[in-house]
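Summary of structural features
Okay, here's what each chain looks like letter by letter:
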Amino acid sequence: TGVEALVRWRHPERGLVPPLEFISLAEETGLIAPLGEWVLRTACAAAATWPDHISVSVNLSPVQFKKGNLVDTVTYALVESGLPPERLNLEITESVLLERTAENLSTMHQLREIGIGIVLDDFGIGFSSLLYIQQFPFDKIKIDRSFVREITGSETSTAIVCAVNALASGLNIVTLAEGIETKEQWELLRLAG
């Protein structure tokens, strides 16, 4: 039903380098803003060629919020590609809500009014606060892969996954488990709802 756009750096000697190895450097140097805009435009253009029921998710950096023109950037990517806004999900981490809270919440509300889905990514590993969920009704919460990875052997991880799912369900927010790699993980997550 949907895919997540994850950029890779095509290094001449190391091959494809995953985002975890270079995104923090891109944020430190300020390159994340143009890189993020390129990823957004590219992902929207690609998704516009797919069947209508498939959505695309794109991660946003807190740095992209700081620039102040995020709504315009996203709107331009949608118009340029012809992708309907309801087929785009923007994934943010809790750190976006820690900085410039009022401005960032306003930006997220504007994006949501356009029809874009807002996803809280990596829930449970940062500075989780239920206040964030109360202040902004997210469309989806992604349960971090660290809990999913341990679900088959850790009662604690299982309890956390079940608790997050129960909370989200009570608030009518969809949950997505990130990083499912085995059939056993998938089956336990299905049982957890």
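Structure first, text after, so check above.
Residues numbered from 1 in each chain as written. Predicted model: local features only at pLDDT ≥ 70, side-chain atom pairs only at ≥ 80, totals over all residues. Heavy atoms only, no water.

Structural notes on the overall build of the protein chain
Helix and strand content of the protein chain: 10 helices and eight strands. Considered along the principal axes of its C-alpha atoms, the protein chain spans approximately 45 × 45 × 35 Å. Of all 193 residues assigned to the protein chain, the portion counted as buried reaches 39%. Sequence separation of at least 24 residues holds for 69% of the intrachain contacts in the protein chain that already meet a minimum separation of 6. (Helix = DSSP H or I, 4+ residues; strand = E, 2+ residues; numbered from the N terminus. Buried < 20%, exposed > 50% of the residue type's maximum accessible area, 1.4 Å probe, protein only. Contact = heavy atoms within 4.5 Å.)

A word on helix α2 (residues 32-47)
For α2, which comprises 16 residues, the first-to-last C-alpha distance of 22 Å matches the rise-based estimate of 22 Å (1.5 Å per residue) to within 8%. Those residues of α2 lying buried are I32, A33, G36, V39, L40, A43, C44 and A47. Considered in projection along α2, the buried side chains sweep an arc of 125 degrees and stay on one side of the axis. For α2, the secondary structure elements touched by its buried residues are β1 (2-5), α1 (23-29), β4 (55-59), α3 (62-66), α4 (70-81) and β5 (88-92). (Expected span 1.5 Å × (residues − 1). Arc of directions from axis to C-beta.)

Overview of unusual backbone geometry
We note that N172 has phi near 60 degrees; this positive angle belongs to a residue other than glycine. Along the chain, the position of N172 falls in the loop between α9 (155-170) and β8 (174-177). Overall, N172 belongs to the exposed group, its relative accessible area being 74%.

Examining the pattern of salt bridges
Enumeration according to the criterion identifies 11 salt bridges in this entry. Between K142 and E91 there is a salt bridge, with its nearest N and O atoms 2.9 Å apart. Of this pair, K142 sits in strand β7 (residues 140-143) while E91 sits in strand β5, placing them 51 residues apart in sequence. Like E91, K142 is buried. For E150, the salt bridge identified is with R149, shortest N-O distance 3.9 Å. It is possible to trace a salt-bridge network through shared partners that takes in E4, E91, D121, K142, R145 and E178. (Salt bridge = Lys/Arg side-chain N within 4 Å of Asp/Glu carboxyl O.)

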